[in-house]
There are 2 protein chains.
Amino acid sequence: MKFTKATNYALHTMLKLFEASPVKPIGVQELAEMQGVSPTYLSKILTRLVKTGMIESVSGVNGGYRLSRKKEDMTFLDIIHAIEGTASLFECDFFHGDECSIQAVMKEAEEKMESHLKNTKLTDLALKQSQA
Amino acid sequence: MKFTKATNYALHTMLKLFEASPVKPIGVQELAEMQGVSPTYLSKILTRLVKTGMIESVSGVNGGYRLSRKKEDMTFLDIIHAIEGTASLFECDFFHGDECSIQAVMKEAEEKMESHLKNTKLTDLALKQSQA
DNA sequence: TCATTCAAAGATATCTTATGTCTATAATAT
DNA sequence: ATATTATAGACATAAGATATCTTTGAATGA
């Protein structure tokens, strides 16, 4: 079990967009080069962020991507869910009488992780960096 | 990102062994049938638990598997690590000046989950079931 | 209007991992 | 000895990750 590279690309791109102008979009070309990944592949990842409404895409000359929401709202969990999906990390499909007690524990554990990711926003990270 | 089915098999098997006799082993045949998985495949999974010292195997007639440690010591995290490995769930291999701040957040989140899995033992689960 | 510059979407390719099966081998009890 | 059982290794298949390439469509600037 591992987070996908796509999630890493998404997080780094979001951080970059966060630090950039909220008006002038950044082309996928530049974003991709920055991370050593092909533009078309990154674009495919970013399209998923567009669909969740976290970023906007602008076609045409001088187009690209920029944040769409208030900066303060962007949580790690939002970004991760957009890429990895929202399904539970552990699913027991055996037939038990009622709910699987093992699954209950796994779910609790997952919620601890998600809670931290939900409470951490891009803002927090930018703040951290400016302090360093 | 998902936990593997192998982890689910391992957890359920451990719970079964936990509830069973600490002396008389249970054959992989029975354990496999219980979960609708082939004996050789389950055996491959259980061998990893043997290598970490959590369970013992007994060859030959009336052989099988049984717990090897004190029941109170068995944590979810031990079992999961034995199957999934202990590597971090998120690894940023980009070149940043110092540590990647995104990775730092992800690591914290993972530790929240691991903390819960480390503090939850098979004992806790058995207790829960007897109460229900 | 027209050419250029972009993102979006679809088809396809490759590699890795998950999820097994099958067979041969070693250990053990009767 | 023989039947039973775990172990190990080779092998097979399917799914997911990680892309690339090409076409399409939208927006802009001239």
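As a starting point, this report considers the structure included with it. Predicted, not measured: the structure shown is a model, and the values here were computed from it. (Residues numbered from 1 in each chain as written. Chains lettered and ligands numbered in written order. Predicted model: local features only at pLDDT ≥ 70, side-chain atom pairs only at ≥ 80, totals over all residues.)

Remarks on the overall build of chain A
Okay, step 1: If you tally the helices and strands in chain A, you get six helices and two strands.
Okay, step 2: Along chain A, helices (α) and strands (β) appear in the sequence α-α-α-β-β-α-α-α when read from the amino end.
Okay, step 3: Taken over the C-alpha atoms alone, chain A extends approximately 60 × 35 × 25 Å along its principal axes.
Okay, step 4: Taking all 132 residues of chain A together, the buried fraction comes to 30%.
Okay, step 5: Sequence separation of 24 or more characterises 63% of the internal contacts of chain A that already satisfy a separation of 6 or more. (Helix = DSSP H or I, 4+ residues; strand = E, 2+ residues; numbered from the N terminus. Buried ≥ 20, exposed ≤ 12 C-beta atoms within 10 Å, placed from the backbone. Contact = placed C-beta atoms within 7 Å.)

A word on unusual backbone geometry
Okay, step 1: In this structure, Asn62(A) takes a positive phi of about 60 degrees despite not being glycine.
Okay, step 2: Mapped onto the fold, Asn62(A) is located in the loop between strand S1 (55-58) and strand S2 (64-67).

Details of helix H2 (residues 28-35) of chain A
Residue and element names in this part refer to chain A.
Okay, step 1: When H2 is considered as a whole, its buried residues turn out to be Val 28, Leu 31 and Ala 32. Buried residues of H2 fall within an arc of 95 degrees about the axis and therefore sit on the same side.
Okay, step 2: Tucked inside the fold, the buried residues of H2 contact helix H1 (5-19), helix H3 (39-51) and S2.
Okay, step 3: Of the residues trailing H2, Gly 36 is marked for its positive phi of about 65 degrees. (Arc of directions from axis to C-beta.)

Details of the environment of Lys118(B)
Okay, step 1: Along the chain, Lys118(B) turns up in helix H5 (residues 101-119).
Okay, step 2: In this structure, the C-alpha to C-alpha distance between Lys118(B) and Glu56(B), residues 62 residues apart in sequence, is 22 Å.

Digging into the protein's contact with DNA strand C
Okay, step 1: Taken together, 27 residues lie around DNA strand C, and Ser57(A), Thr4(B), Lys5(B), Ser38(B) and Gly60(B) are the ones closest in.
Okay, step 2: Of all the secondary-structure elements, those providing two or more residues to the surface near DNA strand C are H2, H3 and S2 of chain A together with helix H1 (5-19) and helix H3 (39-51) of chain B.
Okay, step 3: At five residues, H3(A) tops the list of elements feeding residues into the surface near DNA strand C.
Okay, step 4: The residue inventory of the surface near DNA strand C, partitioned by class, reads nine nonpolar, 17 polar and one charged. (Near = placed C-beta within 6 Å. Nonpolar A, V, L, I, M, F, W, Y, C, P; charged D, E, K, R; others polar.)

A few points about the protein's contact with DNA strand D
Okay, step 1: Taken together, 27 residues lie around DNA strand D, and Thr4(A), Lys5(A), Ser38(A), Gly60(A) and Ser57(B) are the ones closest in.
Okay, step 2: Contributing elements (two or more residues each) for the surface near DNA strand D: H1 and H3 of chain A together with helix H2 (28-35), H3 and strand S2 (64-67) of chain B.
Okay, step 3: The element that contributes the greatest number of residues to the surface near DNA strand D is H3(B), accounting for five residues.
Okay, step 4: Grouping the amino acids of the surface near DNA strand D by side-chain chemistry returns nine nonpolar, 17 polar and one charged.

What to know about the relation of the copies chain A and chain B
Okay, step 1: When chain A is fitted to chain B, the residual RMSD is 0.1 Å, and the transformation amounts to a turn of 180 degrees plus an axial shift of 0.0 Å. Expressed as a symmetry operation, the mapping of one chain copy onto the other fits a two-fold axis. The C-alpha atom lying nearest the rotation axis in chain A is that of Met113(A); the distance is 2.5 Å.
Okay, step 2: A high fraction, 100%, of the interface residues of chain A reappear at the interface in chain B, so the copies pair face to face through one surface. (Least-squares fit on C-alpha atoms with pLDDT ≥ 70 in both.)

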